Amino acid sequence: PGSDLEYQVNVPFWTAIRGGVMQLNITRRDACNNCRGHGYIEAPGKCPQCNGKGTIEQTGGRMKFNVQCPRCHGTGKNISTCPVCHGEGSVERVQPLEVRIKGGTRDGQRIRIAGKGNAGLRGGPAGDLYVIIRVGDHPIFRREGDDIYVVVPVSATEAALGAKIEVPTIDGRALLKIPPGTQ
């Protein structure tokens, strides 16, 4: 199988809270179109080096060994190395990709996209893509886990006597009752 890829993506605060779609350009190794990821091209006939047997005979002193044919890799077929990928079976490509960010995504969270990593060797399955989310800051709100904090100024009179104040929330604004005698 192919190797996994990791990409770190900066996501705006509101996209992480509400969800959204991000467009990425991923540089990855993809299966070669010329050889369909095999690394070789097959021609009609049999291997000229082993004459279709898949093995060749080598001698070492007085002993003879049958070893795998280096030209056809033991297949006995007439194959040659792919001129596009030079036998690797994959080429580097930049691929546009849409990544869906779910509402409530946290900073540091990893999103796994199966089969979008590097292509496997000789037609093997592709690895996975892991997108690591980095959530941007917001000038008013601060997020810790699933909680969102906001600092609201309250005057000494409002704290002593109690009041209803308007507080910004992620959904708009809400009225908050401050009880009398609040410190």
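Conventions and cut-offs
Residues numbered from 1 in each chain as written. Predicted model: local features only at pLDDT ≥ 70, side-chain atom pairs only at ≥ 80, totals over all residues. Heavy atoms only, no water. Helix = DSSP H or I, 4+ residues; strand = E, 2+ residues; numbered from the N terminus. 1 Å grid on protein atoms, 1.4 Å probe; cavity = no way out; pocket = protein on both sides within 12 Å on 5 of 7 lines; lining within 4 Å. Points joined across faces, edges and corners; volume = space filled by probe spheres on them. Nonpolar A, V, L, I, M, F, W, Y, C, P; charged D, E, K, R; others polar. Pairing = 2+ DSSP bridges. Core = buried A, V, L, I, M, F, W, Y, C linked by side-chain atoms within 4.5 Å. Buried < 20%, exposed > 50% of the residue type's maximum accessible area, 1.4 Å probe, protein only. Contact = heavy atoms within 4.5 Å.

1. What to know about the environment of Gly124
Tracing the backbone shows Gly124 in the loop between strand 8 (110-113) and strand 9 (129-135). When the C-alpha atoms of Gly124 and Gly89 are compared, they prove to be 9.4 Å apart, with 35 residues separating the residues in sequence.

2. What to know about the layout of surface pockets
Roughly 160 Å³ of volume is contained in the largest pocket. Lining the largest pocket are Phe13, Thr105, Arg106, Asp107, Val135, Gly136, Asp137, His138, Phe141, Arg142, Arg143 and Gly145. Among the elements that line the lining of the largest pocket, the one with the most residues is strand 10 (residues 141-144), at 3 residues. For the lining of the largest pocket, the per-class residue count stands at 3 nonpolar, 4 polar and 5 charged.

3. Structural notes on unusual backbone geometry
Phi is positive for Asn51, which is not a glycine, with a value near 60 degrees. Along the polypeptide, Asn51 turns up in the loop between strand 3 (40-46) and strand 4 (55-60).

4. Some points on the pairing of strand 11 (residues 147-150)
Pairing between strand 10 and strand 11: 4 bridges, direction antiparallel. Bridging across to strand 11, Arg142 finds its partner in Tyr149.

5. Topic: the nonpolar core
The biggest cluster of nonpolar side chains holds 19 residues, and the ones touching the most others in it are Val99 and Val131. When contributions to this core are tallied by element, the ones reaching two or more residues are strand 1 (5-11), helix 1 (13-18), strand 2 (20-31), strand 7 (90-101), strand 8 and strand 9. Among all residues touching Val131, those that are not within four sequence positions of it are Tyr7, Val9, Leu24, Val99, Gln109, Arg110, Ile111 and Ile113. Counting residues in each nonpolar core, the second largest holds 6 residues, with Cys50, Ile56, Cys69 and Cys72 among its members.

Bear in mind that shape data such as this cannot, by itself, settle questions of function.
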